[in-house]
Amino acid sequence: MLGFYLIVFLISKVLGWRTGLNASCIFAGPSGYAEIRNRSSSCSDIVISNLTVPGGATLDLRNLANGTSVTFRGETTWEFKEWTGPLLFVSGVNVSVRGAPNSVLNGNGASYWDGKGGGGGRKKPKFFFAHGLVNSNIDGIHILNGPVHVFSISDCQNLTLTNVTIDNSAGEKLGGNTDAFDISSSANITISGARVKNQDDCVAINSGKNITFRDGICIGSHGLSIGSVGGRGDNTVENVLFENSTIVDSQNGVRIKTKQGETGMVSNITYKDIRLENITKYGIIVDQSYGAKDKVPTSGVPITNFTLINITGTVVPGATNIFVNCGNSSSCFRWSWSGISVAGGKNSTKCSSVPTGISC
């Protein structure tokens, strides 16, 4: 029997030497940041508890070991310093990032907000880089007061985000460019059950394919957006589904924006069962002149196979119910809209190259 236990001990030592992993690592309090910088890649189960991250520093969880789980407990806070971020960076394969009940990631946004967003004033750090995550999931994360853009999802494959809360309600007057989910060059991304209060796009898909956003609530945003598309290294968006979501007190509801004079492709886009409440600019907007002062649309980024099903709700008086601004008939075609009921505002007199069968 002693020989058996000796063999087990020796095997465990060999495996531990090969993997170099500790079963569980807890990083907490003011001293936890210094420890995590040196040890995170050697832990298979990371717990971050009431951690304080110094100003100007990234909580760096890149290149985690395959199968690593990360759990946030209590309040993780980032101290103030003007810089561009990110505050948090996660990458790896088969990684699970979870927020424990009542946990919060506090970006200290009020110290940065100056009404100028990312276009001037104080330098503001982006929050959460989910870059290079493969076969991974993010669940139950609660982000409070992001200084500027919150999630940057890039170069990810098979990533699921569930029950994420982004609360930038305190930035209603001075917050800006606080996009909730910016997605680029990624495939097979699913976001479900998101609760967002922010001051820019709730979702902005700049490039990628096979992307789903469902069962979400977006408050105070610029809407559920494709784009802007064009002028980047990757300018293709295809196979996107937005469904069963509500957009409230926002500038726009359904939105596709492609850049004037650029090239790319937007194809197989579906919005289904989307409810609009108190939209202040456009209930539905498709604009192929994004970024241009003259608002003259161009045809370099065609929008094809664009389906709307059951888009209902209200815009405020003075807002526009529906606006379509296409370059020509070859840049907007194979559209199918049904169950559209957007009311309360004005009908546009400036729609351009509207596809056959579509009302503007």
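Anything mentioned here points back to the structure above.
Residues numbered from 1 in each chain as written. Predicted model: local features only at pLDDT ≥ 70, side-chain atom pairs only at ≥ 80, totals over all residues. Heavy atoms only, no water.

**Q** Hey, could you run me through the overall build of the protein chain in this one?
**A** In terms of helices and strands, the protein chain carries two helices and 27 strands. In summary, the protein chain has a C-alpha radius of gyration of 23 Å against a globular reference of 21 Å for 360 residues, a match within 12%. Judged by the C-alpha coordinates and their principal axes, the protein chain covers about 85 × 40 × 35 Å. Counting only residues that meet the buried cut, the protein chain has 49% of its 360 residues in that class. Long-range pairs, those at least 24 residues apart, make up 68% of the contacts in the protein chain between residues at least 6 apart in sequence. (Helix = DSSP H or I, 4+ residues; strand = E, 2+ residues; numbered from the N terminus. Rg over C-alpha atoms; globule rule 2.2 N^0.38 Å. Buried < 20%, exposed > 50% of the residue type's maximum accessible area, 1.4 Å probe, protein only. Contact = heavy atoms within 4.5 Å.)

**Q** I'm lost on the state of the cysteines in this one. Help?
**A** Tallied over the entire structure, the rule returns four disulfides. Here Cys25 is linked by a disulfide to Cys43, with a sulfur-sulfur distance of 2.0 Å. Its S-S torsion of approximately -90° makes the covalent link between Cys25 and Cys43 left-handed. Here the residue Cys25 occupies a position in strand β1 (residues 25-29), and Cys43 occupies one in the loop between α2 (32-39) and β2 (45-53), the gap between them amounting to 18 residues. For Cys25, a relative accessible area of 1% corresponds to the buried category. Of the residues examined, Cys43 reaches a relative accessible area of 0% and is grouped as buried. Between the sulfur of Cys326 and that of Cys332 lies a disulfide, 2.0 Å long from S to S. Because the sign of the S-S torsion sets the handedness, a value of about -90° for the bond joining Cys326 and Cys332 places this disulfide among the left-handed ones. For Cys332, a relative accessible area of 2% puts it in the buried group. Once the bonded cysteines of the protein chain are numbered in order along the sequence, the disulfide links fall as 1-2, 3-4, 5-6, 7-8. (Disulfide = S-S within 2.5 Å.)

**Q** Would you explain the pairing of strand β24 (residues 282-290) in this entry?
**A** As a general feature of sheets, a regular strand has side chains that alternate between the two faces. Of all nine residues in β24, seven are buried; the element is thus mostly enclosed. Pairing of strand β22 (residues 252-259) with β24, which is carried by six bridges, proceeds in the parallel orientation. Each bridged residue has a counterpart across the sheet, and for Ile256 the counterpart in β24 is Val286. (Pairing = 2+ DSSP bridges.)

**Q** For this particular structure, what's the right way to read the nonpolar core?
**A** Side chains that are nonpolar tend, in soluble globular proteins, to be buried together. Formed by 84 residues in total, the largest nonpolar core has its most connected members in Ile138, Phe151, Ile153, Phe181, Ile226, Tyr271 and Phe306. Per-element accounting of this core gives the leading share, six residues, to strand β23 (residues 265-279). With residues up to four places along the chain from it excluded, the contact list for Phe306 reads Val254, Ile256, Ile269, Tyr271, Val286, Arg334, Trp335, Ser336 and Trp337. (Core = buried A, V, L, I, M, F, W, Y, C linked by side-chain atoms within 4.5 Å.)

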